Structure formats: C-alpha cells, structure tokens
Amino acid sequence: MASSFARILSSKRKVGILSLVGAGSLTVGFFLNREQHVNAGAQVRRIYPPSAEYPDLRKHNNCMASHLTPAVYGKLCNKTTPNGYTLDEAIQTGVDNPGHPFIKTVGMVAGDEESYEVFADLFNPVIKERHNGYDPCNMKHPTDLDSSKIRGGQFDDKYVLSSRVRTGRSIRGLSLPPACTRAERREVEKVVVDALAGLKGDLAGKYYSLTQMTEQEQQQLIDDHFLFDKPVSPLLTCAGMARDWPDARGIWHNNEKTFLVWINEEDHTRVISMEKGGNMRRVFERFCKGLQEVERLIQEKGWEFMWNEHLGYILTCPSNLGTGLRAGVHVTLPRLGKDPRFPKILDNLRLQKRGTGGVDTAAVGNTFDISNLDRLGQSEVQLVQTVIDGVNYLIECEKKLERGQDIKIPAPISQFK
Amino acid sequence: MTKNCNNDYKLKFSLEEEYPDLSQHNNHMAKVLTKDIYNKLRSKQTPSGFTLDDCIQTGVDNPGHPFIMTVGCVAGDEESYEVFKELFDPVISDRHGGYKPTDKHHTDLNWENLKGGDDLDPNYVQSSRVRTGRSIKGFTLPTTNSRGERRAVEKLSIEALNSLDGEFKGKYYPLKDMTDKEQEQLIADHFLFDKPVSPLLLAAGMARDWPDARGIWHNDNKTFLVWVNEEDHLRVISMQKGGNMKEVFKRFCVGLQKIEDVFKKHNHGFMWNEHLGFILTCPSNLGTGLRGGVHVKLPKLSTHAKFEEILTRLRLQKRGTGGVDTASVGGVFDISNADRLGSSEVQQVQLVVDGVKLMIEMEKKLEKGESIDDMIPAQK
C-alpha cells in the first residue's frame, strides 16, 4: 500500500523546502511552484461552449454565485487540477443549493490543495468576501499555536457550561473529501490513525472505525456526543463528501474524553479539544499540544499538513481557511440573551452565536454557543484571546443586568491585527 | 474521446486500495462486482468519459433497500452498457429473470394487438396508467450530463412536444420559471415532479443543477404527460380515471410514435438496440421501460394469504398508491407489470389487463364469502 503513495508524493516535491522556524510556529511549508500547478491538469474537452454550460444563478445567494461571472466561468471551465478536479465540480454544491435561510453560504469547495491555485480567479474573490476583505493575493496569514501567550481564560462556571476549540487539518498529497478516491481516503485514515496511536499521557486514546464499531461502542459514542453521522446537509452531499460512506471514516478520542479527532468527515481531520466548565485556557493548551504532537508524528513518516503563507491551513471549505478554528463556549445568559443589544454586542466583539446543537440550530432556553466569527487573517492565539475577552465581557454584562445596572455596547474591535 | 483525468489519476492506486467494501451490501451490483471484474473494468471509460466508479457509486453509497433488491448501478450514456458489459450483463440477468447476453428483445407498440382492456370494472379500478422512458441518442444520460447537454435535450423535447396536435396538443412548464399558480395546478393534478430525494438517485448525480432544464409537458386534456430530465431524458405517461386501459395504451403508443418521428427528423432518435430494447439510465428499466398499472381496490384479496403468490404467478407487482416505496392506503393498491425486458409492451400490458381482471373476480368472490382456491392461476 505504501508504494503507490510514495511514488505520487515524490512526483509532487518541487523546488525546495522552505522551513519556517519562528516563535510558536512548528510548521514546515513547501514552496509550491505556482506555474506548474496551474498548467498541470489536462484540458477538459467540451462539446458545448462555456455560454451553453454557464449555470443559471439568478435565484442564487451564495458567495460563489456572487463572483462567478460568465467571463470567469469561461476562463476556468476548461482547466483541471493535476488530479483532474474541475471547476464544475468545485461549484456544484453552490449551483445545487441556491441559498441558506440564515447565512450566506460559500457555495464552492476545493477538491485538492491545487484547486485554490488553479481556480484562484474564483476562489480569491470568494475568500475575500467570506473573510471580510482578506486578500489572498497580497496578505499573509499568521499561524500561532503557542498557548502560553493566552491571558486569562478561566471563566466563571456559573455561566460557562463547557468550552471547546476545534479545527481541521488536511494531509498534503492526498485529495480532499469532495474528490478523494477510496484509496486516498483509506490512506488518510491510515496516516492519521498511525500518528494518533503515538500519543501518550493525557492524550493517549483509541480509534473507532465507523465500519467496525460494535453496537456498544456506538452507543457510548452517542452518549458522549462524539459520534458523527453520514452528512445529511445538501451543502455537503452535493459536494460529494458522503461518497462510499462509511468507508475509512472514524472517530478517535483520548481516554479522558477531552481530545477528539474525526477522520474523513467534511475534512481529512477535524480536531476537537473540549471539557465541561469554563477552563478555556486548558482546553486551548491541550489543543495546541495535541496538534503539534500529531504533526510531529506524521512528519516522522514523511507526511505533513497542507498549509501556505497566504491561506494558512488548507481545508475543504474556503470558510475554514486560515486557522480553521472555532473556539467557543456554551454559556448561560438569561438576561443578556433577551436584550435587544445582544446581537450588536456580539458583532462588535467579533463573535457569533449558534444554538447548542451547533451550526443551523436555535438556542435552547438561555444557553448560547458563542464563538469567534473570523478564521483567516488572525492567528489561533489571537482568535482564542478574542473569544476569551469577549465572553468575559458578556458575563460582565450579564452580571450588571443581574444587579440592575445598565450595559454598554463595546466599540468594535479591529479585524486584522 | 473525452479525457477523464481523474480516472487516469486513480489508476495509480492499486486494485486492493480502490476496490469498494461491499461486505454489508445487498444489491445486484454488489453481488456481481468481484475484484476481478473491478480490475478488468476500472481502466476503461466510455467515449464521454464515464467510468466504472461512476456506474457503481449509487450502489456503493446505498447498501440495500428494506423492501426491494435495488440494482446498484446506472449508465452514463448508451455506450456504458457495452463498455462495462462484464458488470451490466450479469446484473441484467439477475434483475430480468435470467436474460442472456445473446437474447433479443422484441418491441411491440402496436396498440391494436392488445386484446380487451377496455372494460375493467370501474367500481374497483380507480385509474389506469402506462409510463415509460426514452433516451435521446447522442446525448449522455442524467447521471453525467453537463448543463449544456441537459438544456439541449430540453430544447429538442420542447420542439417535439410543441409540434403535437389533436388530442395531444399541450403546453410545457419549465420547473424553474413556473408561476405559483401553475405550480399549484400541477400539484392538484398530481403531475408535478419534485427534486429527487431518494438517496438512490441523488448518489447517482441525477439531481445536479436542479431545476435547470427540467420541466413538465402535458396535453390540454391532461391525459398525456411528459417529464423532461428527471431520472431519464424523457418519461412519458398516459393516464386517465377509470378502467379503460386500452384507451390509455392506445394514446401511449400513438403519442410516443409522434414524438419519436420529430426526434428522428433531427437525427436524434431514441436510444434502442435489438438486445436491450430501449436504453434507459437504470438497468431495471431496459427493454420496454414500461410500467402499466391500475389503482385498484382489493381490500379482501390483499389480506388473503395467497395474495403475494397470485401476484408473482401473474407476473405483477404491487405498490402503494404513492408509487414505489409507499404503502397502500384504504385497501387500494397500485398493481403493475413486474417485467420490463424480454417481453414486449403489448405482452406486458396484456398481463396487467388479464391479471387485474382475474383479481377483481377474486375480490368479488371473497366479498360473497366464497373461496378462490380454484381460481389461483398457473405461473405465467
């Protein structure tokens, strides 16, 4: 099995290896030869001209539809990435899903790392819109997983019920979930599971493959709220992410149930650190340590994460580029939650609220899922600090309202630091 | 020949690495697709670039169906059935009662060859319907077609349908430009088809770009209906209330012939060959692609111990009144022919007519408290 992949990887190693060694950054990045990748795929042969193929986006409201002009379509529709991924495939999810009632969806995905390059004429404006003006052409994304820089981060357990940080990581050299073959998906599983088996101490744990899970294990994972199921959201199924389910999908978690990895769901990996209560600091410490350990372990075997200096960590959905990080708490805010100024306060603090079931759910009672809005253009440390500072402010507001005092809408904090 | 770069890339991985895990599966494809066959076919592609993995994705993603043994593979174009013969031939044989690769399929759309069928008891038979599908030669099928191709099929279809006159004169309603009022009327008439929700169809890529280039055409009398670009290029339906299956079948045959004539004029006749008959997206619909049936009240017979066996012997199948995958409501069943390939349209509709007639006689006997044991038919 290793031989197929060794051959492919060696053909991808290009000009040189640029090592980034800086405070807090342990990531090794490749310098990708852009020209080669843009031209690497064979042309798609079409019977119909681009004008006959251009999708009808008149009723659509997603980022892809906002930026896919006939000119851009005409320019990109005949290109493919080296693995054969096409523009039509990248945009299919956005064509099939005109809009979402609550949020403006992205409407396109990447099939592999090179997609962001080959289809840059569409991805770049989409990224800019989705990430509030971040321009991949001339801005650089900071990566910082040094948790020692965090100030504060221990919330009052009276308000904060649980704390959680999640991100995703992709294995360089293997196609992403919308496009991966069964062999590639199985290789992702193998590489990641091997690495996770090397974790020790409070990170030591076990892998549960979705195809081989016993009923008892399944029930336990459901009770722990760890089990993920076959995607039902049409945003994901239209992008091809549920193909071959449940082949090569699984869940790994440490024995203490505070560090969890999903394999081959919407991304190669989703990494989650969580615990009950308000110790966000510890959650983030474990998060950073776990990620760095896993990275070290895959590097020992010659693998690495997809990353570049403009887009940060490369993930399937452009909305998760950069840090791919969502740090949040479940917090009870009975008074503030009903205050009409609540949305504006959140907005200025660059936070978002979701229901306690995650994205697309409504809040139950007075408990909210509060997390960072931004992903790209700020580092992990910066975003987690934003959440910590912001949640502190929200709790202060709640306390003030408890005491009958008035609250203030804070000044908006700046986006790109 | 369209290059399928992704398939070329995939060939770098070994057979072991790519072969799907079918250990939990129960569909025709899974029963047939050995590693040997997968290995033999994985490097092939049709002229439009359709590959083996494209054919089988729906069967890999949908291990089984609670009520029926699904097919688990689809065609992307006319050539799929030839290029992937080693897969499709045994699947076709399993699905169509042992149909051999050397067998010839007989097409008979001469409605005059149907005997009787105009007198099914309307006290029992609520409605009669015949449907089939047609694929337009020279275009790829709904599983893989591009937007440009799908639109071209729609354009040709509209032209063909708008040329019809007499009892066939009608109007086309494109799904994406329908007014609310038109939509409500089509729903009230039970004509409107919606975006597929069945994972069998979704996994095969048939809902892509919905509702672009999809639409419904029906005649002014509301007895002849054509779906454009749903699961097949065309689905053609003749229907009316009551039990005059002969009239329904006549309209069906005449209408189909008229439509085909227009397509032929444009050098885009229907996909057909003498071995597989009419070529459709799903192998289960090869041959005639015909499902002729009635909604019939059989509250007593349907609870009789021998009901299933009677149906099997008559070469009929039952469904709920909502179509495939639904349950019966109030003792009313949808009874239709089980076969598609290896017998002609006339033969299949004849089985429905004769079989339903017999079952109504049985129902009447059971109403009177009499036994039907001496009426159980021999296997047809």
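Note that the structure is predicted; figures quoted are calculated from it, not measured.

Trainee: Is there a simple way to think about the overall build of chain A in this case?
Mentor: Helix and strand counts for chain A come out as 14 helices and twelve strands. Looking at chain A as a whole, 58% of its 417 residues qualify as buried. Contacts spanning at least 24 positions in sequence make up 74% of the contacts within chain A whose residues lie at least 6 apart.

Trainee: Teacher, can you tell me more about the overall build of chain B here?
Mentor: In terms of helices and strands, chain B carries 13 helices and ten strands. A compact globule built from 380 residues should have a C-alpha radius of gyration of about 21 Å, and chain B, at 21 Å, falls within 12% of that. The C-alpha extent of chain B, read off along each of the three principal axes, is 70 × 45 × 40 Å. Taken over 380 residues, chain B has a buried fraction of 58%. Contacts in chain B between residues far apart in sequence, at least 24 positions, make up 74% of those at least 6 positions apart. Of the roughly 15600 Å² of accessible surface on chain B, a fraction of 50% belongs to carbon and sulfur atoms. Of the charged side chains in chain B, 51 are positive and 56 negative; the average position of the first set lies 1 Å away from that of the second.

Trainee: Where do I start with the pattern of salt bridges in this structure?
Mentor: It is possible for side chains bearing opposite charge to pair when their charged atoms get close. Evaluation of the coordinates by the stated rule reveals 53 salt bridges over all chains. Ionic pairing is found between lysine 257 of chain A and aspartate 224 of chain A, a salt bridge with its closest N-O pair at 2.7 Å. Residue lysine 257 of chain A is found in the loop between strand E5 (250–254) and strand E6 (259–263), and its partner aspartate 224 of chain A is found in the loop between helix H10 (215–223) and helix H11 (234–237); the two are separated by 33 residues along the sequence. Its relative accessible area of 31% is what places lysine 257 of chain A among the partly exposed residues. The partner of arginine 235 of chain B in a salt bridge is glutamate 231 of chain B, and the shortest N-O contact between them spans 3.5 Å.

Trainee: How should helix H8 (residues 147–162) of chain B be read in this particular structure?
Mentor: Residues spaced three or four apart along an α-helix point in a common direction, a consequence of the helix completing one turn every 3.6 residues. Residue and element names in this part refer to chain B. Taking 1.5 Å per residue as the helical rise, H8 with its 16 residues ought to reach 22 Å, and the 22 Å between its terminal C-alpha atoms agrees with that figure. Along H8, twelve of the 16 residues are buried, which leaves the element largely enclosed by surrounding structure. If you check which residues of H8 are buried, you get Arg147, Gly148, Glu149, Arg150, Arg151, Ala152, Val153, Glu154, Leu156, Ser157, Ala160 and Leu161.

Trainee: Explain the side chain of histidine 105 of chain B here, please?
Mentor: All names here are of chain B. Along the polypeptide, histidine 105 turns up in the loop between helix H7 (85–95) and strand E1 (125–134). According to the relative accessible area criterion, histidine 105 is buried, its value standing at 4%. Reaching out from histidine 105, the side chain makes a polar contact with the backbone oxygen of glycine 287 at a distance of 3.5 Å. Discounting residues that sit within four places of it in the chain, histidine 105 has contacts with Tyr99, Glu274, His275, Leu276, Gly277, Gly287, Thr288, Arg340, Leu341, Gly342 and Ser343.

Trainee: Can you walk me through the environment of serine 162 of chain A in this structure?
Mentor: Residues and elements named next belong to chain A. Within the secondary structure, serine 162 sits in strand E3 (residues 160–169). As a C-alpha pair, serine 162 and asparagine 279 span 117 residues in sequence and 8.1 Å in three-dimensional space. Contacts of serine 162, omitting those with residues within four sequence positions, involve Glu275, Lys276, Gly277, Gly328, Val329 and His330.

Trainee: So what exactly am I meant to see when it comes to the side chain of histidine 96 of chain B here?
Mentor: Residues and elements named next belong to chain B. Take histidine 96: it is sitting in the loop between H7 and E1. At 2.8 Å, the side chain of histidine 96 forms a polar contact with the backbone oxygen of proline 283. Setting aside chain neighbours within four positions, we find histidine 96 in contact with Pro283, Ser284, Leu286, Arg340 and Leu341.

Trainee: In this structure, what is going on with the interface of chain B and chain A? I would like to understand it.
Mentor: It is common to give the size of an interface as the accessible area lost on bringing the parts into contact. If you look at the interface, chain B gives 37 residues, while chain A gives 38 residues. Carbon and sulfur atoms supply 42% of the area that chain B and chain A bury against each other, a total of about 2900 Å² over both sides. A per-residue breakdown of the area chain B buries against chain A is headed by Tyr9, Glu17 and Arg147 of chain B, which together make up 24% of the total. The interface formed by chain B and chain A contains three salt bridges. Where aspartate 88 of chain A meets arginine 147 of chain B, a salt bridge forms, and the shortest distance between an N and an O atom there is 2.8 Å. Counting across the chain B and chain A interface gives 25 residue pairs in polar contact (both at pLDDT 80 or more). Those elements giving two or more residues to the side of chain B that touches chain A turn out to be helix H1 (5–10), helix H2 (15–18), helix H5 (52–61) and H8 of chain B. Among the residues making up the side of chain B that touches chain A, the classes are represented as 13 nonpolar, six polar and 18 charged.

Trainee: Would you explain the packing of aromatic side chains in this entry?
Mentor: Describing an aromatic ring pair means giving the distance of the ring centres and the angle of the ring planes. Residue and element names in this part refer to chain B. All chains considered together, the criterion is met by 17 aromatic pairs over all chains. Consider the rings of phenylalanine 193 and tryptophan 227, whose centres lie 5.1 Å apart with planes at 40°: the pair is tilted. With phenylalanine 193 in the loop between helix H9 (180–188) and helix H10 (199–202) and tryptophan 227 in strand E4 (residues 224–228), the pair connects residues that are 34 residues apart, well separated along the chain. The exposure class of phenylalanine 193 is buried, given its relative accessible area of 4%.

Trainee: Help me out: how do you make sense of the sheet that holds strand E10 (residues 332–337) of chain B in this one?
Mentor: Sheet strands line up and pair through hydrogen bonds in the backbone, either parallel or antiparallel. Residue and element names in this part refer to chain B. Strands sit in the order E2-E3-E4-E5-E1-E8-E10-E9 across an open sheet of eight strands; the sheet is antiparallel. Both edges of this open sheet fall to strand E2 (170–174) and strand E9 (316–319), since each of them pairs with a single strand only. Neighbouring strand axes in the sheet, compared pairwise and without regard to direction, differ in orientation by 20° on average. Relative to strand E5 (residues 234–241), E4 is paired through five bridges, and the arrangement is antiparallel. If you follow leucine 225 over to E5, its bridge partner there is isoleucine 237. Across the face of the sheet, helix H12 (residues 307–314) comes into contact with E9 and E10 while running at roughly 130° to E9.

What counts, and where the lines are drawn
Residues numbered from 1 in each chain as written. Chains lettered and ligands numbered in written order. Predicted model: local features only at pLDDT ≥ 70, side-chain atom pairs only at ≥ 80, totals over all residues. Heavy atoms only, no water. Helix = DSSP H or I, 4+ residues; strand = E, 2+ residues; numbered from the N terminus. Buried < 20%, exposed > 50% of the residue type's maximum accessible area, 1.4 Å probe, protein only. Contact = heavy atoms within 4.5 Å. Rg over C-alpha atoms; globule rule 2.2 N^0.38 Å. Areas by Shrake-Rupley, 256 points an atom, 1.4 Å probe, with all protein chains shown as cover. Lys, Arg positive; Asp, Glu negative; His and termini not counted. Charge placed at Lys NZ, Arg CZ, Asp CG, Glu CD. Salt bridge = Lys/Arg side-chain N within 4 Å of Asp/Glu carboxyl O. Expected span 1.5 Å × (residues − 1). Polar contact = N/O pair within 3.5 Å; in protein donor to acceptor, adjacent residues only side chain to side chain. Buried area = accessible area lost by both parts, 1.4 Å probe. Nonpolar A, V, L, I, M, F, W, Y, C, P; charged D, E, K, R; others polar. Phe/Tyr/Trp six-rings, centres within 6.5 Å; stacked < 30°, edge-to-face > 60°. Pairing = 2+ DSSP bridges. Axes fitted to C-alpha atoms, helices over the stretch in contact; angles between N-to-C directions.

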